[in-house]
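The residues making up each chain are set out below.
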Amino acid sequence: MLAYYFRLALRSFRRNKVLTALMVVAIALGIGASMTTLTVFHVLSGDPIPQKSDRLFAVQVDPRPMLGYQPGEEPEEQLTRFDGEALLREKHAKHQALMTGGGVTIEPDKASLRPFDTDARYTSTDFFPMFDTPFQYGRAWPVADDDGRGRVVVISQALNQKLFDGANSVGKPLRMDGHTFTVVGVLDEWNPNPHFYDLETGRYGGSEDIYIPLSTALELRLGRNGNMNCWDNSGGDETAVNAPCTWMQYWLELASPADAADYRAYLENYSAQQKSAGRFERAPNVRLRSVMDWLDHKQVVPGDVRLQLWLAMGFLLVCLINTVGLLLAKFLRRSGEIGVRRALGASRGQIFLQSLVEAGTVGLAGGLLGLLLALLGLYAVRQQPVDYAKLATLDGQMLLMTFALTLVASLLAGFLPALRAMQVTPAIQLKSQ
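Report on the accompanying structure. Every residue gets a number counted from 1 within its own chain, in the order that chain's sequence is written. At least 70 in pLDDT is required for a residue's local features to be given in this predicted model, at least 80 for side-chain atom pairs to be given and counted, and no such filter applies to totals for whole chains, interfaces and linings, which use all residues. Derived side-chain values reflect all non-hydrogen atoms in the structure, with water molecules and hydrogen atoms excluded from consideration.

Focus on helix H3 (residues 81-90)
Argument step 1. Where burial is concerned, most of H3 is hidden: seven out of the ten residues are buried.
Argument step 2. By the burial criterion, the buried members of H3 are Arg81, Asp83, Gly84, Glu85, Ala86, Leu87 and Leu88.
Argument step 3. Secondary structure elements are taken from DSSP: a helix is a run of H or I of four residues or more, a strand is a run of E of two residues or more, and numbering for both begins at the N terminus. Note on H3: the residue one or two positions beyond its end, lysine 91, has a positive phi of about 50°. Between buried and exposed lies partly exposed: a residue is buried under 20% and exposed over 50% of the maximum accessible area for its type, with that area taken using a 1.4 Å probe on protein chains only.

As structure tokens, this is what we get:
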């Protein structure tokens, strides 16, 4: 029966080509605009590490003086070196990593390559198991290299391809900023977006190419990237252990989300101890946020993307209202035909189903055209000078959502006209004929 109604819908389209084209274009424009913005929003607001995002937490404590204090305000979003190293030593979590962004100059051995700059991450070895980084070759450096300031590095797959033509480079030397390091690991493709573990060096885009033990980077005074907040005289060295500056990120992994309360209590006790020792002036003010809570707190999704999403959904609603009007006009124009069908024995339900199938067929055509418009819209987004531009692609999930949205939209648009069509009175239509 549905196949028969589908053939009737196609025959109806041929009789009313202009009206059908208007409905298809209206749905296509609404679907194209909404799926373009919805895809961008989906990419930017996605969970970058869904397998454990509820067990990873960003740590905040407040070491600032009382000057400018306001009750209830947020603590510093980064840690001082003193606090970061103290928490790292005590190891109260399953995994913990202290880190900061950096930049180094690589001096390649290949004659075809000139020295070039690249982004680096100075961190501790727990960074790799905590964030489930995949390795193509080798492994992370041992804890002994954290403590002993080892001259070792882990490099990205892209950098390994550039320097060593993709071969296993474990054990090979790599010279940076005048110092020689040994490659101990090569990451496989790994590029979490948003760049949740350090939003100070960029929210979207590629990950770092070089990973170096934090202790080594501090000893060699390698270049640093990211924000720093100081509230007192640092004596000319903002990265010193006792400098009154926050500039490091501290992440940890707990065995289960339920352990967060205990770790938060530990942070409060730590802050109270530092206040008793005279380092902290404020009452304990700590935060422990999971990955998604941290992204919400940092408002990672740009405000203009949210606004565009609402505008696109409003535009889709306007397109659906127009489609409802066009379908209503089309069905009412066929009142005589519907009356004859009713007189020949067709039930109200059959008339309703036939009308919905016709509306769904219009929606399917509009959805296919809307998909092409969405792909064109995403291509336009990728040409924009924003850090998330290259992420604007339509994945399998969003492709399915496109067709689901098309089906739902077309059926909603066809519901009222189909309801009106099934109420056509046969006797009046036959008399008018």
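Some words on the environment of glycine 32
Argument step 1. Turning to its location among the elements, glycine 32 is positioned in helix H2 (residues 17-44).
Argument step 2. Taking the C-alpha atoms as reference points, glycine 32 and leucine 373, 341 residues apart in sequence, are found 4.9 Å from one another.
Argument step 3. By the convention used here, residues are in contact when the closest approach between their heavy atoms is within 4.5 Å. Non-local contacts of glycine 32, meaning those with residues more than four positions away in its chain, are made with Gly370, Leu373 and Ala374.

A word on the layout of surface pockets
Argument step 1. There is about 470 Å³ of room inside the largest pocket.
Argument step 2. For cavity detection a 1 Å grid was placed over the protein atoms alone, and a set of points counts as a cavity when a 1.4 Å probe fits there but cannot get out; an open set counts as a pocket when protein lies on both sides within 12 Å along at least five of seven lines, with lining residues being those that have an atom within 4 Å of a point. What lines the largest pocket is a set of 19 residues, among which Glu85, Leu88, Asp146, Asp147 and Ser215 lie closest to the centre.
Argument step 3. Within the residue set of the lining of the largest pocket, elements represented by two or more residues are H3, strand S2 (95-107), helix H5 (143-147) and helix H7 (214-220).
Argument step 4. Here the lining of the largest pocket is built from residues that sort into five nonpolar, five polar and nine charged.
Argument step 5. Taken together, 13 residues make up the lining of the second largest pocket; nearest its centre are Ser156, Glu189, Trp190, Asn191 and Ser207.
Argument step 6. Amino acids are sorted into nonpolar (Ala, Val, Leu, Ile, Met, Phe, Trp, Tyr, Cys and Pro), charged (Asp, Glu, Lys and Arg) and polar (every other residue, Gly among them). Class assignment of the residues belonging to the lining of the second largest pocket gives a composition of four nonpolar, five polar and four charged. Grid points are joined across faces, edges and corners, and a volume is the space filled by probe spheres set on the points.

Describing a nonpolar patch on the surface
Argument step 1. Together, Val25, Leu29, Phe315, Leu369, Leu372, Leu373, Leu375, Leu376 and Tyr379 make up an exposed nonpolar region whose accessible area comes to about 790 Å².
Argument step 2. Sorting the residues of the nonpolar patch by element identifies H2 and helix H12 (348-382) as the ones contributing at least two each.
Argument step 3. If one sorts the elements of the nonpolar patch by residue count, H12 sits on top with six residues.
Argument step 4. Residue position: phenylalanine 315 is located in helix H10 (residues 303-333). Excluding any residue in a salt bridge, patches collect residues exceeding 30% relative accessible area, merging like charges within 9 Å and nonpolar Val, Leu, Ile, Met, Phe, Trp and Tyr side chains within 5 Å. The Shrake-Rupley method, run with a 1.4 Å probe, gives the accessible areas here. Residue values count only the displayed protein chains as cover. Only one rule defines a salt bridge in this text: a Lys or Arg side-chain nitrogen within 4 Å of an Asp or Glu carboxyl oxygen.

Everything listed here is a matter of coordinates, which is why it stays silent on function.
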